[in-house]
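# Topology and contacts: notes
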Amino acid sequence: NENVTEVELDGEVKTVTTEKGQYTTKNIIIATGASHAKLGVAGEDELAGMGVSYCATCDVAFYKGCEVAVVGGGDVAAEDAIFLARTCSKVYLIHRRDTLRAADSLQKQLKELPNVEIIWNTTVESLEGDGELTGLVLKDASGETSNLAVEGLFVAVGINPVTRLFGGKVDMNEKGYIIAGEDCRTSVPGVFVAGDARAKVLRQIVTAVADGANAVESIKGL
């Protein structure tokens, strides 16, 4: 249970520096994962867990019969809105563009739900509430702002890899995911990556566990 502050990956022996000391090893498995992307607006951090959520399936029970909003336009945002509509009295889906990126089948389901309303060409500018979310300040394409009273906000705008510590030390793609094949070998000998931090198509628990097994087998084969 130590936070890593620095890594040195050059050479046969790698060094990992933490808040408590240093460790040396011949092989490292990077398994830092990914975190939910944030909106980056005023009030978001203060109201996280107090009306602001990044997991609809985790927190839906707290919003039974409530009016809530979902921000995003992809599959996850659409799935969250559909899921929340089963429990919440009203679901607003807020998207910054005039079309969704979500699959057609999901969009069809959304349009058939009477308690789901899509707010197009709109962004969330800030969150309102003192210790508990009470509403959103929205801005439309014309620049006009408005207020939307909701008790819950579900942010579904993607995820970001937790790989900043390894920037410039291993090859990454443009989004910051570490490049490695199914053997989990990175561009640096002795350094492997497993889980959501790895550049790949599917990120689920089952694929993360598989990466871990593949990384260990790759090390054993050295």
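Whatever comes next refers back to the structure up there.
Below or above, wherever it landed, is the structure these notes cover. All values derive from a computational prediction rather than experimental measurement.

All right, on to the sheet that holds strand β1 (residues 4–8) then. Sheets are built from strands paired through backbone hydrogen bonds, the pairs being either parallel or antiparallel. Across the sheet, which stays open at both edges, the three strands sit in the order β1-β2-β3 with antiparallel pairing between neighbours. Pairing within the sheet leaves two strands with one partner each, and these edge strands are β1 and β3 (22–25). For this sheet, the mean inter-axis angle between neighbouring strands, taken without regard to orientation, is 20°. Judged from the four bridges that link them, strand β2 (residues 14–18) and β3 form a sheet pairing that is antiparallel. Within β3, the position partnered with Lys14 by the bridge is Thr25.

Strand order across the open sheet formed by three strands is β10-β11-β12, with antiparallel pairing between neighbours. Strands at the two margins of the open sheet, each flanked by one partner only, are β10 (122–128) and β12 (145–149). Strand-to-strand twist across the sheet, computed as the mean angle between neighbouring axes with direction ignored, equals 30°.

Counted as a void, the largest pocket has a volume near 1100 Å³. As for the largest pocket, its lining consists of 36 residues, and the residues nearest its centre are Val76, Ala156, Val157, Gly158 and Ile159. Among the elements of the structure, α2 (56–59), α3 (75–85), β10 and β14 (159–161) are those that each provide at least two residues to the lining of the largest pocket. A per-element tally of the lining of the largest pocket places α3 first, with four residues. In the lining of the largest pocket, the residues fall into 16 nonpolar, 11 polar and nine charged.

Each value, and the rule that gives it
Residues numbered from 1 in each chain as written. Predicted model: local features only at pLDDT ≥ 70, side-chain atom pairs only at ≥ 80, totals over all residues. Heavy atoms only, no water. Pairing = 2+ DSSP bridges. Helix = DSSP H or I, 4+ residues; strand = E, 2+ residues; numbered from the N terminus. Axes fitted to C-alpha atoms, helices over the stretch in contact; angles between N-to-C directions. 1 Å grid on protein atoms, 1.4 Å probe; cavity = no way out; pocket = protein on both sides within 12 Å on 5 of 7 lines; lining within 4 Å. Points joined across faces, edges and corners; volume = space filled by probe spheres on them. Nonpolar A, V, L, I, M, F, W, Y, C, P; charged D, E, K, R; others polar.

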